[in-house]
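Structural description and commentary
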Amino acid sequence: MWLKLFFLLLYFLVLFVLARFFEAIVWYETGIFATQLVDPVALSFKKLKTILECRGLGYSGLPEKKDVRELVEKSGDLMEGELYSALKEEEASESVSSTNFSGEMHFYELVEDTKDGIWLVQVIANDRSPLVGKIHWEKMVKKVSRFGIRTGTFNCSSDPRYCRRRGWVRSTLIMSVPQTSTSKGKVMLKEYSGRKIEVEHIFKWITAHAASRIKTIYNAERLKEEWNKSDQYWVKIYLFANLDQPPAFFSALSIKFTGRVEFIFVNVENWDNKSYMTDIGIYNMPSYILRTPEGIYRYGNHTGEFISLQAMDSFLRSLQPEVNDLFVLSLVLVNLMAWMDLFITQGATIKRFVVLISTLGTYNSLLIISWLPVLGFLQLPYLDSFYEYSLKLLRYSNTTTLASWVRADWMFYSSHPALFLSTYLGHGLLIDYFEKKRRRNNNNDEVNANNLEWLSSLWDWYTSYLFHPIASFQNFPVESDWDEDPDLFLERLAFPDLWLHPLIPTDYIKNLPMWRFKCLGVQSEEEMSEGSQDIENDSDSENTDTFSSEKEVFEDKQSIVHNSPGGASHCDAEACSCANKYCQTSPYERKGRSFGLYNTNEDMEPDWLAWPADMLHCTECVVCLENFENGCLLMGLPCGHVFHQNCIVMWLAGGRHCCPVCRWPSYKKKQPYAQHQPLSNDVPS
């Protein structure tokens, strides 16, 4: 995870250097910077109108270029970067989508329940034509969408009852704006009552209603009172201008930042005495002044601080963010970091995408889980001081020159998504190249693995090594893989259902005790010594064949059955007198004696001394219900019960990791039984 974070920070550094490189190229070719001021006199009439449309100022009554130029100068200084963005937006002929409401609930959910935005809805009455024609409506949608105003069409034929209840008997235009100055307050619906159905007149009506929510100051006394007043708003932005009403982008931002930032418009058009403005440090007109508890900040003096909606929106978001803004930022950063796994992972193509999907799911799940307690803590009243100090730190850091460069780069790359994606892809390919070269130098075989080999290894790993047993009966040190690899713990947290269904590997089976079943008094000492030597050799060879490969023994069940020697399963009836005499007993007597002790002189006894000390004495396997024969291979479980080696291995390899008799876990230690060891001369009472 730290490696991905390092590569992501390196990528951001590359973007920062690349933006400075582009600025140097533009300066070398044209001799201008993005922050350089533009003289409106040198601009054409069309470019001046484009600037006014982007700022949200009407020019319908200004036929001459001089009047339009003066209006541009009154609204704020024009920079090269703003001019470039406005012309680029004007050239883009993309059609903006408009919502078609299906009924009352759809209208209520999007319009009346939206507390921090403006909606413009065209209502079409039953059997009536729309108030605004199709061509003019498309122009209106494109014009108002620049300022974050959403549009829609409500046809009363889809819900005539709701139209009658609202009183919409004729086609009209409806605008919804927040009613109060508090965040998430009520909204009010206003109906257009003008006679002229033109785009400019409708736009003036919209901007007039939006500007009515901004506090307007017309004299110096009121300004002095407002400047020295301390209220609930920590951040205030003042517009000192010689205009009839504030620009549309300023009014739209006042609605978007309702409850966070207070917008104040100071109309100095008819002021005679401007001495107080000089006292508070306002010398130029127009001026955008940000007032915070830390001091005064003049907007427009740093890189990327244009007089536009997008520039001021990013500036205010960095100073006074919402929780949702921080969540979206963390979501983008986490996903960019997760996508680095596509280039860091080496090997098969399927492996890259499987690891990528796993990383995306893990990181996003952990991000959502980590945000839940944060949201809970922010609701506590005891954290108000912490919240205030955090905002103070943000205001200090985001009013620096470096922060202005970062905001300018963000606007540049967000307006050029193709450049952003191409640089990310190029950065990832470089990471892939150097990572592949490093692993080849380390002789890592997974670099050359194909898709089929990796899928096979993935299945083996998933079924055998994804989750370890709860407790092992072996005397191994208690260590967790999570101490060495924290990603395993993160993967377990991302998929909590897997805690309830663990997969237990079968590698513990090779450590279970095994031995040969023998009977006393069957052969002579010479034959016994030879037989024991043969059995010992057979046992060694069988152990070698059985445990030479973990895959052959514990994953291939059929191989276990066929590889066991024939003498391990069958023996001559005459050579095993103890087994013959045991088999001659009745089934009821055999059942009662199968787990008992043999203490008779008439029966040939099994050699209990060859058994492990903590194993229970028995002569029958409860898995196959057959007697133990002389020379057969036995295996015991931690609970003490004994079975044929082939039978119990197939039982455990099938996923039943418990004893067939007592259901004790086959991988878990158990205290040994304190049992009486039989003697050969014991006589039954």
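Parameters at a glance
Residues numbered from 1 in each chain as written. Predicted model: local features only at pLDDT ≥ 70, side-chain atom pairs only at ≥ 80, totals over all residues. Heavy atoms only, no water. Helix = DSSP H or I, 4+ residues; strand = E, 2+ residues; numbered from the N terminus. Buried < 20%, exposed > 50% of the residue type's maximum accessible area, 1.4 Å probe, protein only. Contact = heavy atoms within 4.5 Å. Areas by Shrake-Rupley, 256 points an atom, 1.4 Å probe, with all protein chains shown as cover. Core = buried A, V, L, I, M, F, W, Y, C linked by side-chain atoms within 4.5 Å. Pairing = 2+ DSSP bridges. Axes fitted to C-alpha atoms, helices over the stretch in contact; angles between N-to-C directions. Parallel < 35°, antiparallel > 145°, perpendicular 65-115°, else oblique. Disulfide = S-S within 2.5 Å. Salt bridge = Lys/Arg side-chain N within 4 Å of Asp/Glu carboxyl O. Left-handed = near helix turned anticlockwise from the far one by under 90°. Nonpolar A, V, L, I, M, F, W, Y, C, P; charged D, E, K, R; others polar. UniProt positions renumbered as here; feature names shortened; annotations may be inferred. Right-handed = clockwise from strand over helix to strand, strands pointing away. Patch = residues over 30% accessible without salt bridge, like charges linked within 9 Å, V, L, I, M, F, W, Y side chains within 5 Å.

A few words now on the overall build of the protein. Looking only at helices and strands, one finds 27 helices and 15 strands in the protein. Residue burial in the protein is summarised as follows: out of 685 residues, 41% are buried. Pairs at least 24 residues apart make up 70% of the contacts formed inside the protein by residues separated by at least 6 positions. Only carbon and sulfur atoms are counted for the fraction: they give 56% of the accessible area of the protein, which is about 38300 Å².

Relative to the helices and strands, Asp 432 resides in helix H18 (residues 417–441). Residue Asp 432 is classed as buried on the basis of its relative accessible area, which comes to 12%. Contact partners of Asp 432, with chain neighbours within four places excluded, come to Phe 343, Thr 345, Gln 346 and Arg 352.

A few words now on unusual backbone geometry. Most peptide bonds adopt trans geometry, and most residues besides glycine take a negative phi value. With an omega dihedral of -5°, the bond running from Met 285 to Pro 286 counts as a cis peptide bond. Secondary-structure assignment places Pro 286 in the loop between helix H11 (275–279) and strand S9 (287–292). Of note in this structure, Leu 625 is not a glycine but carries a positive phi near 60°. Position of Leu 625 relative to the elements: it lies in the loop between strand S12 (620–621) and strand S13 (626–627). One non-glycine residue, Arg 663, lies in the positive phi region at around 65°.

This part covers the nonpolar core. With 63 residues, the main nonpolar core has Ile 206, Phe 263 and Met 312 as its most contacted residues. Not counting the four nearest positions on each side in its chain, Phe 263 is found in contact with Ile 214, Lys 215, Ile 237, Phe 250, Leu 253, Ser 254, Phe 257 and Leu 316. With 26 residues, the next largest nonpolar core counts Trp 608, Phe 628, Leu 634 and Cys 639 among its residues.

A word on the sheet that holds S9. A sheet is described by the order of its strands in space; here five strands give the open sequence S6-S8-S7-S9-S10, paired in mixed fashion. Bordering the open sheet on either side are strand S6 (215–217) and strand S10 (295–299), each of which pairs with just one other strand. Direction aside, neighbouring strands of the sheet carry axes that sit 25° apart on average. Examined bridge by bridge, strand S7 (residues 235–241) and strand S8 (residues 261–267) share seven bridges and lie parallel to one another. In the strand pairing of S8, Tyr 238 is matched with Ile 264. In the packing of helix H10 (residues 248–256) onto the sheet, contacts are made with S7, S8 and S9, and the angle to S8 comes to roughly 150°.

It is worth spelling out the packing of helix H1 (residues 2–30) against helix H17 (residues 401–415) at this point. Each pair of packed helices can be described by the angle between their axes along with the distance between the axes. The interhelical angle for the contact between H1 and H17, taken along N-to-C directions, is 80°, at an axis separation of 10 Å. Considering the angle they form, H1 stands roughly perpendicular to H17. Side by side, H1 and H17 meet where Leu 15, Phe 16, Leu 18, Ala 19, Arg 20 and Phe 22 of the first sit next to Leu 402, Trp 405, Asp 409, Phe 412 and Tyr 413 of the second.

The next subject is the sheet that holds strand S15 (residues 642–644). Pairing between sheet strands relies on hydrogen bonds along the backbone, with the strands arranged either parallel or antiparallel. Taken together, three strands build an open sheet; the order of strands is S11-S14-S15 and the sheet is antiparallel. Each edge of the sheet is formed by a strand with only one pairing partner; in this case those strands are strand S11 (514–516) and S15. Each strand axis lies, on average, 35° off the axis of its neighbour in the sheet, ignoring direction. The pairing of strand S14 (residues 633–636) with S15 spans three bridges and is classified as antiparallel. Counterpart to Leu 634 in the pairing with S15 is His 644.

On to the state of the cysteines, then. Tallied over the full model, the rule gives one disulfide. Through a disulfide, Cys 156 is tied to Cys 163; the S-S separation comes to 2.2 Å. Between Cys 156 and Cys 163, the S-S torsion sits near -95°, and that sign places the bridge as left-handed. Given the relative accessible area of 1%, Cys 156 is considered buried. In this structure Cys 163 comes out as buried when scored by relative accessible area, which is 2%. Cys 662 forms no disulfide, and the closest cysteine sulfur to it belongs to Cys 639, at a distance of 3.6 Å. With relative accessibility at 33%, the residue Cys 662 sits in the partly exposed group.

A word on the environment of Lys 436. Inspection of the secondary structure puts Lys 436 in helix H18. The exposure class of Lys 436 is partly exposed, given its relative accessible area of 26%. A C-alpha to C-alpha distance of 6.7 Å links Lys 436 and Gln 346, two positions 90 residues apart in sequence.

What follows is about the pattern of salt bridges. As enumerated under the stated definition, the model contains 25 salt bridges in all. Salt-bridge contacts for Asp 409 lead to Arg 20; the nearest nitrogen and oxygen are separated by 2.9 Å. Within this pair, whereas Asp 409 is found in helix H17, its partner Arg 20 is found in helix H1, the two being separated by 389 residues in sequence. Taken individually, Asp 409 and Arg 20 each receive the classification buried, so the pair is uniform in this respect.

The next point concerns the packing of helix H2 (residues 45–55) against helix H3 (residues 65–75). Two elements in contact, H2 and H3, have axes whose closest approach is 10 Å; the angle formed by their N-to-C orientations is 40°. As far as their axial angle goes, H3 and H2 are oblique. Crossing angle aside, the handedness with which H2 passes H3 is left-handed. Residues Phe 45, Leu 48, Lys 49, Ile 51, Leu 52 and Arg 55 of H2 form the contact with H3, whose participating residues are Lys 65, Val 68, Arg 69, Leu 71, Val 72 and Ser 75. The residue makeup of the contact of H2 with H3, split by class, is seven nonpolar, one polar and four charged.

This next bit is on the UniProt feature "transmembrane region" (unreviewed entry) in the protein. Taking the numbering used here, the UniProt-annotated feature "transmembrane region" (unreviewed entry) corresponds to residues 326–344, 353–378 and 410–431. This span, residues 353–378, is 100% helix and 0% strand, and a straight line between its end C-alpha atoms measures 37 Å. Secondary structure within residues 410–431 divides into 95% helix and 0% strand; the distance between the first and last C-alpha atoms comes to 23 Å.

Another aspect to go through is the pairing of S7. Extensive coverage of S7 is indicated by the burial of seven of its seven residues. Residues of S7 alternate between two faces, with Val 235, Ile 237, Leu 239 and Ala 241 on one and Lys 236, Tyr 238 and Phe 240 on the opposite face, all of them buried. Taking the sense of rotation as the criterion, the β-α-β connection linking S7, H10 and S8 turns out right-handed. Where S7 meets S9, five bridges bridge the pair, whose relative direction is antiparallel. Residue pairing for S9: Lys 236 is matched across the bridge by Arg 291.

Among the surface-exposed residues, Leu 3, Phe 6, Leu 10, Leu 13, Val 14 and Val 17 lie close enough to one another that they form a single nonpolar patch of about 520 Å² accessible area. Here Leu 3 shows up in helix H1. We classify Leu 3 as partly exposed; its relative accessible area is 41%.

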